[in-house]
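Inside the fold
Listed here are the chains, written in short residue letters.
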Amino acid sequence: MTVEIHRLSNGVRVVTEHMPGLQSASLGVWVTAGGRHERAEQNGIAHFLEHMAFKGTETRDALQIAEAIEDVGGYINAYTSREMTAFYARVLGEDVPLALDVISDIVLNPVFDPQEIEVERHVILQEIGQALDTPDDIIFDWLQETAYPGQPLGRPILGPSSRVEKFDRRDLSGFVSERYLPGNLIVAAAGAVDHDAIVKLVEDRFGHLATHQGFETDPASFKGGETRVDKGLEQAHIAFAFEAPGYRDDAVYTAQVFSTALGGGMSSRLFQEAREKRGLCYSIFAQASAYSDTGLLTIYAGTGAEDLSALIGLTVDEMRRAADDMSVEEIARARAQLKAGMLMGLESPAARAERLARQLAIWDRVPTLEETVARIDAVTRDVARDFAGTIAKSGAAALALYGPVSGAPSVDEMAGRLAA
């Protein structure tokens, strides 16, 4: 399998990976414009735009967009994250030109019909309502806002209802003009694809765009603090976070290995100590998430009010102990989990195309899998322990609590216990 990269004269990047033996291909357009690229008054517009892309173009209505892909047995979808918006499809290899034609059409030629805007506005407001009714979903939005208060990276991707209710065609078109620029566009394809053919198709559809590299992204600054919403729910939900390395920092692999050992699976110390040995919760996990310039080490758990204080204390103590006694075996197991998860996941062309686009957006190149595996293998027990010690002594933390949480310790109490 060979990764090939081409840059159009106007800045649009094309990256492909041919996967021998496959009959299908995954391809799409990844736009380096997500929630963190919105101004405060635009919060939610990137996600709204993702929805509207499927509601009609200058040559296809919403039904024709869906039928064009499904008539050949394909699948089309999109998503919005804090740093990207993606429009992608999976089709048989022979239908790659059709899929790219449809995707380029919805990215470049949306009509933003006012009637369709109202229909989709209602859908998004329902989506926001559903998120607010899902405690183990909304708590992560609150945690993000607490970690990065008053910053684009801290705002919810869906946006507040008050903003969504007011967006109009001019707002949508304005965001496209500001952010859907050649320098922000990546076309990625994997599977039964031919690089030169893809490049020609991209030239035909995107080559006319005027060169423009877009705007600089304001750097994020982790602040921390506490958000506590006391409510009569069956479960108390807690999410606790510390600043971690961003994608461009080699220490991101240390954060991933450490979080996996701490709470990434059934053999992890948090799962074993909190659930298996003491029965304090049903769900508990740790994860390391990364952005271009920062990241978060997050721990989440859900438990009953009567067990909340004990669970928080145990969690903090396990994090503190990790700096002293995390073992060689734990780190080896975490490295194996990360490598196997990555390699098994990349057996699908959809995952390959996603990886191509994300890596190109971060580094303007695509590291080999061997390079990534080597960086994971370079995380030793001592490196992980040092990272745990740095986290414990950092002092700055973000805490979000939801449910019967009035008796839970404060973020300062937790951070103090961790640093003790």
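Residues numbered from 1 in each chain as written. Predicted model: local features only at pLDDT ≥ 70, side-chain atom pairs only at ≥ 80, totals over all residues. Heavy atoms only, no water.

**Quick look at the overall build of the protein**
Each helix and strand in the protein was counted, giving 16 helices and 11 strands. Seen through its C-alpha atoms, the protein measures out along the principal axes to roughly 60 × 50 × 35 Å. Across the 420 residues that make up the protein, the buried fraction comes to 52%. In the protein, the proportion of contacts linking residues at least 24 apart, taken out of those at least 6 apart, comes to 81%. With an accessible surface of roughly 18,000 Å², the protein has 49% of that area assigned to carbon and sulfur atoms. (Helix = DSSP H or I, 4+ residues; strand = E, 2+ residues; numbered from the N terminus. Buried < 20%, exposed > 50% of the residue type's maximum accessible area, 1.4 Å probe, protein only. Contact = heavy atoms within 4.5 Å. Areas by Shrake-Rupley, 256 points an atom, 1.4 Å probe, with all protein chains shown as cover.)

**A look at the pairing of strand β11 (residues 398–403)**
Along β11, 6 of the 6 residues are buried, which leaves the element largely enclosed by surrounding structure. Where strand β7 (residues 225–230) and β11 come together, 6 bridges link them in parallel fashion. Bridge pairing links Thr227 to Ala400 in β11. Pairing geometry for strand β8 (residues 236–244) and β11, over 5 bridges, is antiparallel. Bridged to Ala241 within β11 is Ala398. (Pairing = 2+ DSSP bridges.)

**What to know about the sheet that holds β11**
Strand pairing in a sheet is mediated by backbone hydrogen bonds. Such pairs are either parallel or antiparallel. Spatial strand order, β7-β11-β8-β10-β9: 5 strands in an open sheet with mixed pairing. Across the chains shown, the open sheet's two edge strands, defined by having one partner strand only, are β7 and β9 (283–290). When the angles between neighbouring strand axes are averaged without regard to direction, this sheet yields 10°. Each of β8, β9 and β10 (295–303) is contacted by helix α11 (residues 308–325), which is oriented at about 145° to β10, the strand it contacts most. Contacting β7, β8 and β11, helix α16 (residues 411–419) crosses the sheet at an angle of about 60° to β8. (Axes fitted to C-alpha atoms, helices over the stretch in contact; angles between N-to-C directions.)

**What about the sheet that holds strand β5 (residues 85–92)?**
Ordered in space as β1-β2-β6-β3-β5-β4, the 6 strands form an open sheet in which the pairing is mixed. Taken across any chain shown, the strands that pair with only one partner, and hence form the sheet edges, are β1 (2–7) and β4 (75–80). Across this sheet, the average inter-strand angle for adjacent strands is 15°, counted without regard to direction. As judged from the 6 bridges shared by strand β2 (residues 13–18) and strand β6 (residues 185–191), these two strands associate in the parallel manner. Paired with Val15 across the two strands is Ala188, which belongs to β6. Contacting β4 and β5, helix α1 (residues 45–52) crosses the sheet at an angle of about 170° to β4.

**So, helix α15 (residues 381–393)**
With 13 residues, α15 extends 18 Å between its outermost C-alpha atoms, agreeing within 8% with the 18 Å of an ideal straight helix rising 1.5 Å per residue. Considered for burial, the residues of α15 that qualify are Ala384, Phe387, Ala388, Gly389, Ile391 and Ala392. Among the structural elements, β8, α9 (252–263), β10, α11, α12 (328–345) and α16 are those in contact with the buried residues of α15. Two residues or fewer after α15 comes Gly395, characterised by a positive phi angle close to 85°. (Expected span 1.5 Å × (residues − 1).)

**Quick notes on a negative patch on the surface**
A grouping of Asp61, Glu67, Glu70 and Asp71 is seen on the molecular surface, where their side chains present a negatively charged patch. Since its relative accessible area comes to 42%, Asp61 is described here as partly exposed. (Patch = residues over 30% accessible without salt bridge, like charges linked within 9 Å, V, L, I, M, F, W, Y side chains within 5 Å. Salt bridge = Lys/Arg side-chain N within 4 Å of Asp/Glu carboxyl O. Lys, Arg positive; Asp, Glu negative; His and termini not counted. Charge placed at Lys NZ, Arg CZ, Asp CG, Glu CD.)

**Brief notes about the pairing of β5**
Of the pairings in the sheet, the one linking strand β3 (residues 24–31) to β5 comprises 8 bridges and is antiparallel in character. Bridge pairing links Trp30 to Ala86 in β5. As paired elements, β4 and β5 share 6 bridges and run antiparallel to each other. Bridge pairing links Thr80 to Thr85 in β5.

**Here we look at the packing of helix α3 (residues 96–108) against helix α8 (residues 195–206)**
Across the interface, α3 lies against α8 with an axial gap of 10 Å and an inter-helix angle of 30°. On the basis of the axis angle, α3 is roughly parallel to α8. Regarding α3 and α8, the two cross each other, and that crossing is right-handed. Seen from α3, the contacting residues are Val96, Pro97, Leu100, Asp101, Ser104 and Leu108; seen from α8, they are Ile198, Leu201, Val202, Arg205 and Phe206. Residues belonging to the contact of α3 with α8 are distributed by class as follows: 8 nonpolar, 1 polar and 2 charged. (Parallel < 35°, antiparallel > 145°, perpendicular 65-115°, else oblique. Left-handed = near helix turned anticlockwise from the far one by under 90°. Nonpolar A, V, L, I, M, F, W, Y, C, P; charged D, E, K, R; others polar.)

**Description of the pattern of salt bridges**
Scanning the entire structure with this criterion turns up 31 salt bridges. Notably, a salt bridge pairs Asp101 with Arg60, separated by 2.7 Å at the nearest N-O pair. Here Asp101, found in helix α3, pairs with Arg60, found in the loop between α1 and α2 (62–70); they are 41 residues apart in sequence, far enough to count as distant. For Asp101, a relative accessible area of 26% corresponds to the partly exposed category. Look at Arg60 and you get buried, because its relative accessible area is 16%. Linking Arg82 and Asp141 is a salt bridge whose minimum nitrogen-to-oxygen distance equals 3.5 Å. Here Arg82 is found in the loop between β4 and β5, whereas its partner Asp141 is found in helix α5 (residues 135–147), with 59 residues between them in sequence. Taking relative accessible area as the criterion, Arg82 reaches 12% and is therefore assigned buried. Among the residues examined, Asp141 registers a relative accessible area of 22% and is labelled partly exposed.

All we've got here are geometric facts, nothing functional implied.
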